[in-house]
Amino acid sequence: MAKMTGFEKYFVNRRGERFFEKLIDDLETSGTLKITGNSRILELGGGNGALSSLIYKRYQPASYTFTDYDPDQLALAQESMKERFGEVPESFTFQQADAADLVYKNGSFDLVIAHLILHHLGGTDAIFSGLNEISRVLVPGGTFLYTEFSHKKEIRAKLTEMGYAITYKKGLHRENAVAVKQTAKN
Ligand SMILES: C[S@@+](CC[C@H](N)C(=O)[O-])C[C@H]1O[C@@H](n2cnc3c(N)ncnc32)[C@H](O)[C@@H]1O
């Protein structure tokens, strides 16, 4: 698993809060996203932390586990949280973690977010194995929110096979933002 180059990180980290604001607004308006003060959220490959800051500002969820395998990205996200809120909120945990190999117990989260992460796992077999892990750590009835430009059809088909129903789907240039809700635990 190779770290992104500085050049790649520059482009990835340019995506700011405004982009995520639109996405969250849309999810909220469509009734797809229901984050409350009790929500336990896991974000995989959170990058510069722009989405997590926004979610914290709006909803103050009970817990937010922010992960990335790159320690530099984790440090950047933590710094940006401190800048925005004066300190890292108590409900936040920053962990260096591989999205393909989650250390969390079954059913630990109400919402798992993977924004432009799944393609980093590799080909379809690796992505499907990542989806199984995500499903394992989600509570029954939990929501998985992801954005992806690669293997889009295969991912949706796999999630349907795993008992997820698509509750939101939007094309953003080459990417699809999709939210799925677990309907049956396999
Ligand atoms: C394309 S960026 C997306 C960042 C952020 N989610 C966003 O959309 O702005 C991919 C991020 O995932 C991290 N990453 C790549 N592969 C990973 C893996 N296997 N496990 C965890 N994080 C990973 C990278 O370090 C990087 O921060």
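Read on for an overview of the structure. Bear in mind the structure is a predicted one, so any value in this text is a computation, not a measurement.

Moving on, we come to the overall build of the protein. Along the protein, the regular secondary structure elements total six helices and seven strands. Along its sequence from the N terminus, the protein presents helices and strands in the succession α-α-β-α-β-α-β-β-α-β-α-β-β. The C-alpha radius of gyration of the protein comes to 15 Å, within 12% of the 16 Å expected for a compact globule of 186 residues. Taken along its principal axes, the extent of the C-alpha atoms in the protein is 45 × 35 × 35 Å. Scored against the burial criterion, the 186 residues of the protein give a buried share of 34%. Within the protein, contacts between residues at least 6 apart in sequence are counted, and of these 66% link residues at least 24 apart.

Of all residues adjacent to the ligand, which total 20 residues, the nearest are Gly45, Gly47, Asp70, Ala99 and His120. Here the residues of the shell around the ligand are counted per class, giving ten nonpolar, six polar and four charged.

In this structure, Val112, Ile113, Ala114 and Phe144 are the most contacted members of the largest nonpolar core, which totals 39 residues. For this core, the element with the most residues is strand E4 (residues 109-115), which contributes five residues. Excluding anything up to four places from it in sequence, Ile113 contacts Ile41, Glu43, Leu44, Leu51 and Leu145.

So, about the sheet that holds strand E3 (residues 92-96). Picture the strands of a sheet paired through backbone hydrogen bonds; they go either parallel or antiparallel. If you walk across this open sheet you meet the seven strands as E3-E2-E1-E4-E5-E7-E6, and the pairing is mixed. For this open sheet the edge positions go to E3 and strand E6 (164-172), each flanked by a neighbour on one side alone. When the angles between neighbouring strand axes are averaged without regard to direction, this sheet yields 15 degrees. Relative to E4, strand E1 (residues 40-44) is paired through four bridges, and the arrangement is parallel. By the bridge assignment for E4, Glu43 is matched with Ile113.

Across its 14 residues, helix H5 (residues 124-137) extends 20 Å between first and last C-alpha, which sits within 8% of the 20 Å expected from 1.5 Å per residue. Buried within H5 are the following residues: Ile127, Gly130, Leu131, Glu133, Ile134 and Ser135.

The next thing to look at is the pairing of strand E5 (residues 138-148). Taken together, the six bridges between E4 and E5 define a ladder with parallel strand orientation. For Ala114, the partnering residue across the bridge sits in E5 and is Tyr146. Tracing the backbone out of E4, into H5 and back to the parallel element E5 gives a crossover that is right-handed. In the sheet, E5 pairs with strand E7 (residues 175-182) via six bridges, with the strands oriented antiparallel. From the neighbouring strand, Glu148 faces E7, where its bridge partner is Asn176.

Thresholds, definitions, all that
- Residues numbered from 1 in each chain as written.
- Predicted model: local features only at pLDDT ≥ 70, side-chain atom pairs only at ≥ 80, totals over all residues.
- Helix = DSSP H or I, 4+ residues; strand = E, 2+ residues; numbered from the N terminus.
- Rg over C-alpha atoms; globule rule 2.2 N^0.38 Å.
- Buried ≥ 20, exposed ≤ 12 C-beta atoms within 10 Å, placed from the backbone.
- Contact = placed C-beta atoms within 7 Å.
- Near = placed C-beta within 6 Å.
- Nonpolar A, V, L, I, M, F, W, Y, C, P; charged D, E, K, R; others polar.
- Core = buried A, V, L, I, M, F, W, Y, C linked by C-beta atoms within 7 Å.
- Pairing = 2+ DSSP bridges.
- Axes fitted to C-alpha atoms, helices over the stretch in contact; angles between N-to-C directions.
- Expected span 1.5 Å × (residues − 1).
- Right-handed = clockwise from strand over helix to strand, strands pointing away.

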